[in-house]
Each structure stands twice: as C-alpha cells, then as structure tokens.
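As a plain string of letters, each chain reads:
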Amino acid sequence: MLFDLDGTLTDPAPGIIGSVRKALVDLGHEPPPFEALTWVIGPSLRQSFRQLLPEGGDPEMALERYRFHYRGGGMYDLSLYPGIMDAVTAIRSEAGRMFVCTAKPEPYAVPIVEHVGYGPLFERVYGAALDGSLDDKADIIAKIIAEQAIDPKRTVMIGDRLHDIHAAQRHEMPSIGVAWGYGGIEELTKAGATAICERPQDLPGMVARLRRQA
C-alpha cells in the first residue's frame, strides 16, 4: 500500500497555504485569499509558484521563502482527518507492506509522519528531493518499486489528487482516490481512479476488495 500524505493522511492546509502566502508577501506580491489556494496542496510547489508568480518571477526564490516559513513552524500546523488513523491502523493489520509516497520533500515528510503518530505503521517514508529531482510522483513510485522490489499490479496507490492517480497509472498500478482531501470526486473520477472512497472509515473495506481482485 502506498499512501499520499497531504490531503490523504493529514490536512495540512493551514501550514502549507499560510507559508505560500507569506512567501508571496516576502517577494512583494499580494497573495490570493486563503480559500483560493487549496489547489496548491498536492502538486509540486515549484510548479505551483510558477503559476502564482507574474511573468519573470523567480519560483526558486519563492520556494526558498516558503521553506523558511514552513520550517519555522508551518510544517506542524496540520490536523488528522477524523477516523483516518483508525483506518490506516486497520489496513496495516492486513497489508503486507505500507509506505508513504508524497510529493512533499522527504526531509519534511519524515518528521511530520513521526510527529502525528503514523511512524510505526509505515515501513518507510518516500518523498520528493529538495533539489526537485523527484518532483514527479511517478518517479517517486519508480524509486519505491526499484528499492523495495514490489509488484505494481499487487500494490495500491491511495491519494486525493489527480497526480496520485496518474502516477499510479504510469506504473499500471490500481489506485483509490480519497474524496476527503483536496481533489474531490469529480477530479478523481476524471483522472481514472480505480475506486473512490468518500469516508476514511470505508477505506479498509475498499482496500480489502481491491487486494482480493489483484
């Protein structure tokens, strides 16, 4: 089982969006309202800053300012979705192996997973590299496949955005789109998720059904 982090295992909106807005202010730009920035949760922030900045803006500088604020406390400004810890614990009792697979840089993802209590449930946390070399989630999945010798067709990617679904598809891997995150049912359906789960408490049963079909 591969689990996305932001929008799937945690609700990181205050920390991520808050840090994005502060970074834009640092560079002299008026940030969009908080509610208009939920789309930045999930994809690479380098890509997001390219869209947010005016022509000629420096996404690397924006990312540097973002990381300054995020490391300064934003990374722990998050919450768990009701019922998700119980759901993941139930899946862990049945699943052979479980990994976190996130576009968040690994140096941030690892302490967050430990901080919120998920550490004992996952074999390892895989994330993006700070230099941008693993910004594409499909590349992160490829790294997991290579290092852990897992069979993609007997693995399930669980995430809340189209990027999770498309990354799984590139490896012919089934996927579960979770509707409580930041993509929503319409986005996940259009992306081609194998199944869509609307509530954390329904996730263990859905995982069990997909595993039986594998």
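The structure reproduced in this document is the subject of the present report.

Analysis parameters
Residues numbered from 1 in each chain as written. Predicted model: local features only at pLDDT ≥ 70, side-chain atom pairs only at ≥ 80, totals over all residues. Heavy atoms only, no water. Buried < 20%, exposed > 50% of the residue type's maximum accessible area, 1.4 Å probe, protein only. Helix = DSSP H or I, 4+ residues; strand = E, 2+ residues; numbered from the N terminus. Pairing = 2+ DSSP bridges. Right-handed = clockwise from strand over helix to strand, strands pointing away. Salt bridge = Lys/Arg side-chain N within 4 Å of Asp/Glu carboxyl O. Polar contact = N/O pair within 3.5 Å; in protein donor to acceptor, adjacent residues only side chain to side chain. Contact = heavy atoms within 4.5 Å. Core = buried A, V, L, I, M, F, W, Y, C linked by side-chain atoms within 4.5 Å. Expected span 1.5 Å × (residues − 1). Arc of directions from axis to C-beta.

## Describing the pairing of strand 5 (residues 175–178)
Here comes step 1: Of the two faces of strand 5, the one carrying Ser175 and Gly177 and the one carrying Ile176 and Val178 are both buried.
Here comes step 2: The sheet contact formed by strand 4 (residues 157–159) and strand 5 spans three bridges and is parallel. Of the residues in strand 5, the one forming a bridge with Gly159 is Gly177.
Here comes step 3: Between the parallel elements strand 4 and strand 5, the chain passes through helix 7 (residues 162–170) in a crossover that is right-handed.
Here comes step 4: Sheet topology places strand 5 next to strand 6 (residues 195–197); three bridges connect them, and they run parallel.

## As for the pattern of salt bridges
Here comes step 1: Here the structure, examined in full by the defined rule, presents 14 salt bridges.
Here comes step 2: Two residues, Glu147 and Arg124, come together in a salt bridge whose shortest N-O distance is 3.1 Å. Pair noted here: Glu147 is in helix 6 (residues 137–148) and Arg124 is in strand 3 (residues 124–128), with a separation of 23 residues, a long-range link.
Here comes step 3: Given the relative accessible area of 29%, Arg124 is considered partly exposed.
Here comes step 4: Of the charged contacts in the structure, one is a salt bridge between Asp164 and Lys137, with a shortest N-O distance of 2.5 Å. Linking Asp164 in helix 7 with Lys137 in helix 6, this pair joins segments that are 27 residues apart in sequence.

## Brief notes about the side chain of Lys137
Here comes step 1: The buried category is assigned to Lys137, whose relative accessible area is 6%.
Here comes step 2: Here Asp4 takes part through its side chain, which lies 2.9 Å from a polar atom of the side chain of Lys137.
Here comes step 3: A polar atom in the side chain of Lys137 sits 2.5 Å from the side chain of Asp164.
Here comes step 4: Look past the residues within four positions of Lys137 in its chain and what remains in contact with it is Asp4, Cys101, Thr102, Ala103, Met157, Asp164 and Ala167.

## Some details on the pairing of strand 2 (residues 99–105)
Looking down a regular strand, the side chains alternate between one sheet face and the other.
Here comes step 1: Counting buried positions over the seven residues of strand 2 gives seven, a clear majority of the element.
Here comes step 2: Alignment of strand 1 (residues 2–3) against strand 2, held across two bridges, turns out to be parallel. The residue of strand 2 that forms the bridge with Leu2 is Phe99.
Here comes step 3: Two strands pair when backbone bridges link them, and strand 2 and strand 3 are joined in this way by four bridges, in the parallel orientation. Following the sheet pairing, Cys101 is matched in strand 3 by Tyr126.
Here comes step 4: The parallel pair strand 2 and strand 3, bridged by helix 5 (residues 106–115), forms a crossover whose chirality is right-handed.

## Considering the nonpolar core
Here comes step 1: Core analysis: the biggest nonpolar cluster contains 49 residues, and Phe3, Phe49, Ile176 and Leu203 have the highest contact counts within it.
Here comes step 2: If you list the elements that add at least two residues to this core, you get helix 1 (13–26), helix 2 (45–52), helix 3 (59–71), helix 4 (84–94), helix 5, strand 5, strand 6 and helix 9 (203–213).
Here comes step 3: With six residues, the top contributor of residues to this core is helix 1.
Here comes step 4: When neighbours within four sequence positions are excluded, Leu203 is seen to be in contact with Phe3, Ile84, Ile91, Ile158, Ile176, Trp180 and Cys197.

## Observations regarding helix 1
Here comes step 1: With 14 residues, helix 1 extends 20 Å from end C-alpha to end C-alpha; this agrees with the ideal 20 Å at 1.5 Å per step.
Here comes step 2: Within the span of helix 1, buried status applies to Ala13, Gly15, Ile16, Ile17, Gly18, Ser19, Val20, Ala23 and Leu24.
Here comes step 3: On its buried face, helix 1 sits against helix 2, helix 3 and strand 2.
Here comes step 4: Just beyond helix 1, the residue with positive phi is Gly28, at close to 85°.

## A few points about helix 2
Here comes step 1: Residues of helix 2 that are buried include every one of Leu45, Arg46, Ser48 and Phe49, and no others. The arc that holds the buried residues of helix 2, viewed along the axis, is 160°, so those residues lie on one side. Opposite the buried face of helix 2, by more than 90 degrees, sit the exposed residues Arg50 and Gln51.
Here comes step 2: One side-chain oxygen at the N-terminal end of helix 2 lies 3.2 Å from the backbone nitrogen of Arg46; it belongs to Ser44.

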